[in-house]
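So the chains spell out like this:
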There are 2 protein chains.
Amino acid sequence: IAQAESFPDGTTDHIPLRKKAYDIRKPHISEQPWTWSNWYQHINWLNTTFIIFIPLAGCVAAYWVPLQMKTLYFSIAYYFFAGLGITAGYHRLWAHSSYKARLPLKIFLAAGGSAAVEGSARWWSSLHRSHHRYTDTDKDPYSVRKGLFYSHIGWMVVKQNPRRIGRTDISDLNEDPVVVWQHRNYLKCVVTMALIVPTLICGLGWGDWAGGFIYAGILRIFFIQQATFCVNSLAHWLGDQPFDDRNSPRDHVITALVTLGEGYHNFHHEFPSDFRNAIEWYQYDPTKWFIWLMKFVGLAYNLKTFPQNEIEKGRLQQMQKKLDQKRATLDWGTPLEQLPVLSWDEFVAEAKNGRALVCIAGIIHDVGKFIQDHPGGKTLISSAIGKDATAVFNGGVYNHSNAAHNLLSTMRVAVLRGGCEVEIWKRAQAESKDAVPVTD
Amino acid sequence: IAQAESFPDGTTDHIPLRKKAYDIRKPHISEQPWTWSNWYQHINWLNTTFIIFIPLAGCVAAYWVPLQMKTLYFSIAYYFFAGLGITAGYHRLWAHSSYKARLPLKIFLAAGGSAAVEGSARWWSSLHRSHHRYTDTDKDPYSVRKGLFYSHIGWMVVKQNPRRIGRTDISDLNEDPVVVWQHRNYLKCVVTMALIVPTLICGLGWGDWAGGFIYAGILRIFFIQQATFCVNSLAHWLGDQPFDDRNSPRDHVITALVTLGEGYHNFHHEFPSDFRNAIEWYQYDPTKWFIWLMKFVGLAYNLKTFPQNEIEKGRLQQMQKKLDQKRATLDWGTPLEQLPVLSWDEFVAEAKNGRALVCIAGIIHDVGKFIQDHPGGKTLISSAIGKDATAVFNGGVYNHSNAAHNLLSTMRVAVLRGGCEVEIWKRAQAESKDAVPVTD
Ligand code: HEM
Ligand code: HEM
Ligand SMILES: [Fe+2]
Ligand SMILES: [Fe+2]
Ligand SMILES: [Fe+2]
Ligand SMILES: [Fe+2]
C-alpha cells in the first residue's frame, strides 16, 4: 500500500462548468434525505431548464410555427454538425485522444459541440474520463448501476456531490488552446452556435426566422441532447458484450443508429483509445467515416487503432468465458475418481449375472437402458457385453461420433483395475513372482 | 486385432434393387478406365433413363400440354406426399428407426416413397445406413469427397462397383412386412403410385388426363428426385458445422427449404436416431411437424430424441475446437520460459539506463513504444518505470481492463528473479544467515 501511494495518481482537478463557491465544511445537499421542505434544493434548476423546460417550451411554440421543408433539411444537417462536434470532437478527439486534429478541424468540432449544449469540451471530457476510469462505481459520474434514468439525465437534473466524482488527469486538455478558449467563453459560444447561427441562417437564407429559432435551434438541441445522452444510458443497458461482461457497456445497432455510431460501446470501453467504435465494415459508425474523411483531406492524423491481435484476443477470451459458464451447467458424467474400481473378473461375472456392462478404454459402462435405442442396432451393442469393446467402438467395427463418446461417458459405472484386460499382468504373474498386479 | 475380429460386424448383405448376376471373377467395369470404346458400358442406362431422359421428355411434352390450376395444386400436394414418403418414411422411419409407425402410416409412407421413384425403402435405407456408417470414405455410396455432381446423381448415373459399398445390418428391415412387400413388388408400386394414380386423379377429377401424367406424374417425379438428392450433395457442401467438422455434413436453411427439413444435416449425422433434424422452433422442418402430427393422431409413437444435454455438449465442444484453432493463430506474447531472468537490481539499472522497463506481477515489460499511446496518459505510465507497478496497474490507481492485460503480455522482455522486489528476502538475509535468496 505504501508503494501504491508513492505513485502520483496523475489527477488534476477540473474547473466545474458553472463554478459556485460552496462551503467545504457544510454537508452537500446530496447528502441530506429528500423532504417536502428541501426537495427543490436537490434539483439542479439550471440544468433542468436547459434539458427539460426549454425543449418543452419549444414543443409548445412549434404549434404556432409551421415547419418549412428548407428549415427541416437545414435542422437535420445542423443536427449532424452538432452531433459530430460531440462524438468526433468532445468524445473521440478530446476525451480519448484517439486521433490528432489540425486547428481548423478543432474549431469546427468545438463549434459543433457548443451547438449541442452539453457543456464545454473540457468539462465534458473530464467527466467522461472519470466515467471510463471508474465505470459502474460510485465515482462514475453517470453510473448505470444507479438506474437507466439516472445515467440518462438524472445525474444532471439532480444535484450531485462534486466530491464524489472520480478525478482524472486533464493536463493535455489544459494545453489545448481551442479547449481552453471554448471553456473560457462557453456561454458566448453556446448562445451563438446553438441559437443565433441557426436562426440567422434560416432567417437570412429563406426568411424563416421563427422556424430557425424553434426547429433548427431549440428542438434540434433537444434531439441531439437526448441522442447523445443515450450513450450513457442505452449503451450501458441494451445489447451484447462480445469483449467483456464484467462491466455494463454493451454493443447494439439501435444505440449506434441513435448516436452517430457510438453504440458499439462494449468495444469502446475495452479499447477506448481506438478512433473507431465499430470495427466491422457493415456496422454503422458515421463518426469513424467522418474522421476518415478528415484524414483524407489532411485535417486529421495519427488515427489510433488497437492492434487487431489484441481485439481478437479479447473477443476470444470472452467467448471462452461464456463457453466455460455453459460447460459448468452440463452433465459430463460421474468423474472417474468417484467411480468404484472393478477387477476384470468381477466385471465379467457381473455381466454374466445379467448387467449389460461394456468395457471401453478402461471404463465400465452400463448400456442396459440404451440397447434398444442404439442407432447401430441391438445385435452389435449386445455383442460387446462383458467384453472390452475399445477397438470395435473406436473404428474396429464403427468409428463412433463425438456425440457417441459423450453419451458413453454418461453411462459410466466403474473403472477397471489396471485399465485393460490385464491379461499381460496375469501372464507376467504366472511367469515370475516379481510382477505383482496393482491392488488397492 | 484378434479381439476386434472376434466381434461379428453385424452386417447382412442387401439384395440390390435391380439384381443382375455378375461374374464375381471378372473385374467390374468400374475398375476399368474410361475409353472411347467402353464408355457406354460405364453408364447405368436404366438409372439414367429414370433420372434424366424421362424428365427431359416430360419437359418437352409439357410444351404441348397446358398446365391447369387444379393440376398444379394437385401436383404440389402430391409432391409433398412423395417427399414425406422419402423423408418421414424411407429416411427417418426405416433407415434410422427414429420413431415407430403403425401399419396405416407405414403403408402411406411406402406409397409416398414409391411415388418418388428412388428405389425401394429396403434398398434406399441399406445404402443410407452405409452412407452414415462410412461417411466421406470410399465405402460411402454417395461420398461428397468424389465431387458435388457425384454425390448428387453421379453415383446413380455411372455404374458403381457393388463390392466397394460398405455393408450394414438391415435385419430389422427384413422383419418389416411393409418394407419386404414393397421391395418384392417394387416395379408395380412405382408405376401405380408415380404415374397411374396421379393421372387417374387428374383425369377422373377434372378431365386433365395429359396434365396429370405430365405434371403430377413425370415432372413432379423430377422435382422430388432432385430435391431429395440435394440431401446427399448440397447438405454435405453448403453451410455451417455446429456439432462436428471432421466430416462433411452441414447445416443450411436453403437445403432445409428444398428438402422438407432435411437440411440440418450436421446435426443429423451427429444425432441420426433423433426424429428431428431441426431442433430450434424457428427452423424449417416440416417432416418433423408431420411426425408430430402423426403422433398426435396416434399413428406414430416412440419418437426418439437425443438428450438435450448431449446435444449441448456436442455444440460446446465444436465451439471450443473453433476457439482453440483461433487461439493458435493469435500472438499471446513470448512464453515466460523463453524470457531471460533479471535480478531486481539489474532491472532498476537497465531502467536508469533509459530503457522504459516496468515490472508487473513478477514480469518485466518494455513499455517504451507504448508511452505515447497510453490511454491513461504519459505521466502515469512513465511514473512506473523502474518500479514494481503491480498494485497500481491492478487497481491501486486504475484497475486495467482485460485488453490492457493482453496488451501488456505482448511487451514482456524478462522475468524477475524471485518474482517480486525481494525486499523480504534481503531483510531475511540481513537478519539471519539461514534464509538464502534463490540463485540459479
Ligand atoms: C457401448 C456403448 C455404445 C454407444 C453409447 C453407442 C452409441 C452409438 C451412437 C450414438 C450411434 C449413432 C452414430 C454416431 O453417433 O456415430 C452409434 C452408431 C453405431 N454403433 Fe454404436 N454405440 C455403442 C456400442 C457399439 C458397439 C459395441 C458397436 C459394435 C460392435 C457399435 C456399432 C455401431 C454401428 C455400426 C453404428 C452405425 C450405425 C449407422 O450409422 O448405420 N456400437 N452408436
Ligand atoms: C505498464 C503498462 C501499461 C499498459 C499496457 C497500460 C494500458 C492501458 C490501457 C490499454 C488503458 C485503456 C483502458 C483499459 O483498457 O482499461 C489504460 C488506461 C489507464 N491506465 Fe494504463 N497501462 C499501463 C500502465 C499504467 C500505469 C503504471 C498506470 C498508473 C500508474 C496506468 C493508469 C491508467 C489509467 C488511470 C487509465 C485510465 C484512463 C481513462 O480511462 O481515462 N496505466 N492503460
Ligand atoms: Fe460508457
Ligand atoms: Fe468513451
Ligand atoms: Fe448425409
Ligand atoms: Fe440420415
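For every chain, the first residue of the written sequence is number 1, and numbering continues from 1 onward in sequence order. Chain labels run from A onward and ligand labels from 1 onward, assigned in the order the entries are written. In view of the model being predicted, local features appear only for residues whose pLDDT reaches at least 70, and side-chain atom pairs are presented and counted only at 80 or more, with totals across whole chains, interfaces and linings using the full set of residues. Working from all heavy atoms in the structure, the side-chain values ignore hydrogens and water.

Further remarks concern the coordination of the iron atom of ligand 2. Residues and elements named next belong to chain B. His374 (NE2) and His400 (NE2) make up the full set of protein donors to the iron atom of ligand 2, lying at 1.9 to 2.0 Å. Any N, O or S atom lying within 2.8 Å of the metal counts as a donor, and for Na, K and Ca the limit rises to 3.2 Å; water is left out, so some sites can look incomplete. Here a site with four donors is tetrahedral if all angles are between 85 and 135 degrees, and a site with four or six donors is square planar or octahedral if opposite donors are over 155 degrees apart and the other angles are between 65 and 115; anything else gets the irregular label. If you look at the iron atom of ligand 2, its six donor atoms make angles of 88 to 179 degrees with each other, and the shape they trace is octahedral. With His374 in the loop between strand 5 (363-366) and helix 17 (378-382) and His400 in the loop between helix 18 (390-393) and helix 19 (402-409), the pair connects residues that are 26 residues apart, well separated along the chain. Residues His374 and His400 agree in their burial class; the two are buried. Each helix is a run of DSSP H or I of at least 4 residues and each strand a run of E of at least 2, with the numbering of both proceeding from the N terminus. Between buried and exposed lies partly exposed: a residue is buried under 20% and exposed over 50% of the maximum accessible area for its type, with that area taken using a 1.4 Å probe on protein chains only.

Within the structure, ligand 2 sits among 22 residues, and His374(B), Pro375(B), Tyr398(B), His400(B) and Ser401(B) are positioned closest to it. More than one chain lines the surroundings of ligand 2; the residues nearby belong to chains A and B. Contacts described as polar in this section are N or O atom pairs within 3.5 Å, which, within protein, must combine one atom able to donate a hydrogen with one able to accept it, while residues neighboring in sequence count only if both atoms come from side chains. His374(B) has a polar side-chain atom sitting 2.7 Å from a nitrogen atom of ligand 2. In the environment of ligand 2, an oxygen atom lies 2.5 Å from a nitrogen or oxygen atom belonging to the side chain of Ser401(B). For the shell around ligand 2, the secondary-structure elements that each account for two or more residues are helix 6 (121-133) of chain A together with helix 17 and helix 19 of chain B. Counting residues per element, the shell around ligand 2 draws most heavily on helix 6 of chain A, which supplies three residues. Polar here means any residue outside two lists: the nonpolar Ala, Val, Leu, Ile, Met, Phe, Trp, Tyr, Cys and Pro, and the charged Asp, Glu, Lys and Arg; Gly therefore counts as polar. For the shell around ligand 2, the residue count by class is 14 nonpolar, five polar and three charged. Note on definitions. A residue lies near a molecule or strand when any single heavy atom of the residue is within 4 Å of it.

The next point concerns the coordination of the iron ion (ligand 3). All names here are of chain A. Around the iron ion (ligand 3), the protein contributes the donor atoms His131 (NE2), His236 (NE2), His265 (NE2) and His269 (NE2), which lie 2.1 to 2.2 Å from the metal centre. If you look at the iron ion (ligand 3), its four donor atoms make angles of 89 to 169 degrees with each other, and the shape they trace is irregular. Counting residues between consecutive donors of the iron ion (ligand 3) along the chain gives the motif H-x104-H-x28-H-x3-H. Between the iron ion (ligand 3) and the iron ion (ligand 4), a spacing of 5.6 Å is present. In this pair, His131 is assigned in helix 6 and His269 in helix 13 (residues 265-270), connecting sequence segments 138 residues apart. Relative accessible area serves as the criterion here: at 12%, His269 is assigned to the buried category.

All names here are of chain B. Following the sequence through the fold, Asp324 ends up in helix 15 (residues 308-329). Given the relative accessible area of 35%, Asp324 is considered partly exposed. Residues Asp324 and Cys359, spaced 35 residues apart in sequence, show a C-alpha to C-alpha distance of 30 Å. Side chain to side chain, Asp324 and Arg327 meet in a polar contact 2.7 Å long.

All right, on to the site of ligand 1 then. Every one of the 22 residues lining ligand 1 counts as a neighbour, but His374(A), Pro375(A), Tyr398(A), His400(A) and Ser401(A) are closest to it. Around ligand 1, the nearby residues trace back to chains A and B. Between a nitrogen atom of ligand 1 and a side-chain N or O atom of His400(A), the distance comes to 2.7 Å. One of the side-chain N or O atoms of Ser401(A) is found 2.5 Å from an oxygen atom in ligand 1. Secondary structure elements with two or more residues in the shell around ligand 1: helix 17 (378-382) and helix 19 (402-409) of chain A together with helix 6 (121-133) of chain B. For the shell around ligand 1, the residue count by class is 14 nonpolar, five polar and three charged.

Another point: the relation of the copies chain A and chain B. In the superposition of chain A on chain B (RMSD 0.2 Å, axial shift 0.0 Å), the rotation amounts to 180 degrees. In short, the pair behaves as if placed about a two-fold rotation axis. Among all residues of chain A, the minimum C-alpha distance to the rotation axis is found for Gln320(A), at 3.8 Å. Copies are brought into register by a least-squares superposition over C-alpha atoms of residues with pLDDT of at least 70 in both.

All names here are of chain B. Restricting attention to buried positions, one finds in helix 16 (residues 344-352) the residues Trp344, Phe347 and Ala351. Seen from one end, helix 16 has its buried residues packed into an arc of 60 degrees, which puts them on one side. Of the residues in helix 16, the exposed ones pointing more than 90 degrees away from the buried face are Asp345 and Lys352. One or two steps after helix 16, the chain reaches Gly354, where phi turns positive at roughly 115 degrees. Directions from the helix axis toward the C-beta atoms define the arc.

A few words now on unusual backbone geometry. All names here are of chain A. One non-glycine residue with positive phi stands out, namely Val117, at about 55 degrees. Examined against the element boundaries, Val117 turns out to sit in the loop between helix 5 (103-115) and helix 6. Residues other than glycine seldom take positive phi values, yet Asp136 does so here, at roughly 70 degrees. Here Asp136 is to be found in the loop between helix 6 and helix 7 (148-157).

This part takes up the pairing of strand 5 (residues 363-366) of chain A. Two faces belong to every sheet, and in a regular strand the side chains alternate between them. Residue and element names in this part refer to chain A. Strands qualify as paired when DSSP identifies two bridges or more between them. Two strands pair when backbone bridges link them, and strand 4 (residues 357-360) and strand 5 are joined in this way by four bridges, in the antiparallel orientation. Within the sheet, the bridge partner assigned to Leu357 lies in strand 5 and is Asp366. The loop that links strand 4 with its antiparallel partner strand 5 comprises two residues; one of these, Ala361, has a positive phi angle of about 55 degrees. With three bridges joining them, strand 5 and strand 6 (residues 412-416) adopt antiparallel strand pairing. Looking at strand 6, one finds that Ile364 is bridged to Ala414.

Within a sheet, each strand pairs with its neighbour through backbone hydrogen bonds, oriented either parallel or antiparallel. All names here are of chain A. The strand order across the open sheet formed by four strands is 3-6-5-4, and the pairing between neighbours is mixed. The outermost strands of the open sheet, each flanked by one partner alone, are strand 3 (341-342) and strand 4. Contacts from helix 16 (residues 344-352) reach strand 3, strand 4, strand 5 and strand 6, with the element oriented near 145 degrees to strand 4. By definition, residues are in contact when any of their heavy atoms lie within 4.5 Å. Convention adopted: a line fitted to C-alpha atoms gives each axis, helices being fitted over their contacting stretch, and angles between N-to-C directions are expressed from 0 to 180 degrees.

Residue and element names in this part refer to chain A. Patch membership requires more than 30% relative accessible area and the absence of a salt bridge. Residues of like charge join within 9 Å; the nonpolar side chains Val, Leu, Ile, Met, Phe, Trp and Tyr join within 5 Å. Surface exposure here means Shrake-Rupley accessible area, sampled with a 1.4 Å probe, where a residue is shielded only by the protein chains that are shown. When a carboxyl oxygen of Asp or Glu lies within 4 Å of a side-chain nitrogen of Lys or Arg, that pair is called a salt bridge. There is a patch of nonpolar side chains on the surface, built from Trp34, Trp36, Trp39, Tyr40, Trp45, Phe53 and Leu56 and spanning about 900 Å² of accessible area. Elements supplying a minimum of two residues to the nonpolar patch: helix 2 (39-42) and helix 3 (45-62). Mapping Trp34 onto the fold places it in the loop between helix 1 (2-5) and helix 2.

All names here are of chain A. Across its 21 residues, helix 11 (residues 209-229) extends 29 Å between first and last C-alpha, which sits within 8% of the 30 Å expected from 1.5 Å per residue. Maximum bend of helix 11: about 35 degrees, positioned at Arg220. Helix 11 sits mainly inside the fold: 15 of its 21 residues count as buried. Under the convention used throughout, the expected extent of a helix is 1.5 Å for every residue step, that is, one less than its residue count. Two axes enter the definition of the bend at a residue: one is fitted to the seven residues ending there, the other to the seven starting there, and the bend is the angle between them.

What follows is about the nonpolar core. All names here are of chain A. Counting 54 residues, the largest nonpolar core has Trp94, Tyr99, Leu105 and Leu109 as the members making the most contacts within it. Counting only elements with at least two residues in this core, the list comes to helix 4 (69-95), helix 5, helix 6, helix 7, helix 9 (177-184), helix 10 (186-206), helix 11 and helix 14 (286-296). Examining the composition of this core, we find that twelve residues originate from one element, helix 4, more than from any other. Discounting residues that sit within four places of it in the chain, Trp94 has contacts with Gly89, Lys106, Leu109, Ala110, Ala121, Ser125, Arg129, Leu173, Asp176, Val178 and Val179. Think of a nonpolar core as a cluster: buried Ala, Val, Leu, Ile, Met, Phe, Trp, Tyr and Cys residues, connected wherever their side-chain atoms sit within 4.5 Å.

Attention now moves to the interface of chain A and chain B. Residue-level contacts link 54 residues of chain A with 54 residues of chain B. Carbon and sulfur atoms supply 60% of the area that chain A and chain B bury against each other, a total of about 4900 Å² over both sides. Note that Lys326(B) is salt-bridged to Glu312(A), the shortest N-O span being 3.5 Å. Counting across the interface, chain A meets chain B through 19 residue pairs in polar contact (both at pLDDT 80 or more). Elements with a minimum of two residues in the side of chain A that touches chain B: helix 1, helix 6, helix 15 (308-329), helix 17, helix 18 (390-393) and helix 19 of chain A. In terms of residue count, the dominant contributor to the side of chain A that touches chain B is helix 15 of chain A (13 residues). Considering only residue class, the side of chain A that touches chain B consists of 20 nonpolar, 16 polar and 18 charged. By buried area we mean the combined loss of accessible area, with a 1.4 Å probe, across both parts when two parts are placed together.

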